[in-house]
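A structural walkthrough
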Amino acid sequence: MTIRRAPARLKGNRRVPPKDYTQMWTDLGLDLEAHAGLMNVLGSFYTDIYLTQTNRPKGMEYLDFVISEVHGLRIEELLAAKAQGRKVIGAFCLYVPEEILIAADAVSVGLCAGADIGTAQAEQVLPRNTCALIKSFFGFKLAGLCPYVEACDFVIGETTCDGKTKAYEIFNQYKETFVLEVPHTKSPAATKLWRSEIGRLVEKVETAAGKKITAANLLKAIETVNAKRAVLGRLNLLRAADPAPISGRDALLINQVAFYDDPVRFTKKIGELCDELEARVAAREGVAPKGTPRVLLSGCPMAIPNWKVPFLVEKNGAVIVGEESCVGERGTRNLVDLTGVDISDRDAILDRIAERYFKIDCAVFTPNADRNLHVREMSARNHAGGVIHYAIQFCTPYLMEAHGMEQTAREMEIPLLRLETDYSMEDAPQLETRIQAFLEMIR
Ligand code: BJ8
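The following refers to the structure shown. (Residues numbered from 1 in each chain as written. Predicted model: local features only at pLDDT ≥ 70, side-chain atom pairs only at ≥ 80, totals over all residues. Heavy atoms only, no water.)

**Some remarks on the overall build of the protein chain**
Secondary structure summary: the protein chain contains 19 helices and 10 strands in total. Relative to a compact globule of 443 residues, whose C-alpha radius of gyration would be 22 Å, the protein chain shows 21 Å and is just as compact. Based on the C-alpha atoms only, the size of the protein chain along its principal axes is roughly 55 × 55 × 45 Å. Buried positions account for 59% of the 443 residues belonging to the protein chain. Put simply, 76% of the contacts in the protein chain that link residues at least 6 apart link residues at least 24 apart. Just so you have it, the protein chain exposes about 17900 Å², and 54% of that area is on carbon and sulfur atoms. For the protein chain, the centre of its 54 positive side-chain charges and the centre of its 58 negative side-chain charges are spaced 3 Å apart. (Helix = DSSP H or I, 4+ residues; strand = E, 2+ residues; numbered from the N terminus. Rg over C-alpha atoms; globule rule 2.2 N^0.38 Å. Buried < 20%, exposed > 50% of the residue type's maximum accessible area, 1.4 Å probe, protein only. Contact = heavy atoms within 4.5 Å. Areas by Shrake-Rupley, 256 points an atom, 1.4 Å probe, with all protein chains shown as cover. Lys, Arg positive; Asp, Glu negative; His and termini not counted. Charge placed at Lys NZ, Arg CZ, Asp CG, Glu CD.)

So, in structure tokens, the structure goes:
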């Protein structure tokens, strides 16, 4: 995405003007006109939502830079990796273990999309009452808008919600899609099935990458991904401070970029940002005054550039202090724990990877009490005065779980606001009115 008022690119310490990637996008088969339209819309969106914030941490300049090059430099990096014989593998869900892809020296990229551009094309294939997230990734492919999908050698889908499960059958006609079977309970039989699916994924990745996934490679990959999750965990803890050292918008952006960026570079940069935030906390500095109403977001993932609700919340004088979401703590809590494992035993290491991923509390599971527990923990830890439950329209699993979340919020004696929306901006005024009324309750 080339953003309006894009920061210059950095080469060493030198700033160089933005580069022209037209040839690369043409070679990838993008629809240049549609893509330019997307970049313009996203550019002004980013400027309005992000660059107008005041008192942002300096470390966010790295994120501005990454976003300014998200369809440029990062794609060049992926193509360079491919030129060296590495595979680029895309995924749409948290249940796909990055460690397995990285252990095969592949590059792992997150592919969910958060814009309603391409919806018309998606609706020619999918029912209209499909959730916006599915229509978005589908529409991006059909409209020739996503260089990530085009750069991928293949993508990995999963049997989570019905919409995604069925959409991948069709998506496979446009891009090779390997589907991982995710059970919907955590019974002993389901746990066994999940472990066997991890084995099937290992075989698929090994064959595609032409590389054996060894115990040693897995250990190195686990170290990389654990470090990335640990730094995001550190960021989440720092948000307990009042005044909050970073906005929810910026924290969300960091979590979004975590799906695209090189993991080692990302970890280093976010570590530096956390150092800065620690100094802010010590100096009692923040992005909003002490005592600003604090909100926890809980629900469906918010993929780039789905920033509508966080923007409306913070624009109206609150600060978001946590995301109980796949683009947030649901995706980053729990490291792969190798305690007591024979580190030369590949199967034992894979067991631990399977265990870590099976702890994820997506609403497609039943029962799913852990999610309520996590909302309690996060609200208490980061001192949220209220919870906003965010569900994408037509997302049955999260819409259903809103009921239990209301009960949890009642037990915590904090208010909860249920929002159901899509990726369009049409409902922004109504959402804003409801958010304003909600914030009055927690001031
Ligand atoms: S682990 S939340 S990334 S499945 S919003 S497509 S659930 S109808 S994105 Fe998800 Fe994996 Fe679960 Fe996370 Fe379906 Fe709902 Fe749409 Fe969704």
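**Considering the environment of Val257**
The residue Val257 is located in helix H12 (residues 248-257) in this model. Considered as a pair, Val257 and Gly199 are 58 residues apart in the sequence and their alpha carbons are 28 Å apart. Once residues lying within four places of it in the same chain are set aside, the contact partners of Val257 are Leu63, Val66, Ile67 and Phe266.

**Details of the pairing of strand S5 (residues 154-158)**
Counting buried residues in S5 gives 5 out of 5 residues, a clear majority hidden from the surface. Burial of the side chains of S5 extends over both faces: Phe154, Ile156 and Glu158 are buried on one face and Val155 and Gly157 on the other. Bridge count for S5 against strand S6 (residues 177-180) is 4 bridges, and the pairing is parallel. Its bridge partner being in S6, Val155 is matched across the sheet by Thr177. Tracing the backbone out of S5, into helix H9 (residues 162-171) and back to the parallel element S6 gives a crossover that is right-handed. (Pairing = 2+ DSSP bridges. Right-handed = clockwise from strand over helix to strand, strands pointing away.)

**Observations concerning the packing of helix H7 (residues 132-142) against H9**
Axis separation between H7 and H9 bottoms out at 10 Å; the angle between their running directions is 10°. With respect to their mutual orientation, H7 and H9 come out roughly parallel. The two elements H7 and H9 meet at a crossing, and its hand is right-handed. On H9, the residues touching Leu133, Ile134, Phe137, Phe138 and Lys141 of H7 are Gly163, Lys164, Ala167, Tyr168, Ile170 and Phe171. Partitioned by chemical class, the residues of the contact of H7 with H9 number 8 nonpolar, 1 polar and 2 charged. (Axes fitted to C-alpha atoms, helices over the stretch in contact; angles between N-to-C directions. Parallel < 35°, antiparallel > 145°, perpendicular 65-115°, else oblique. Left-handed = near helix turned anticlockwise from the far one by under 90°. Nonpolar A, V, L, I, M, F, W, Y, C, P; charged D, E, K, R; others polar.)

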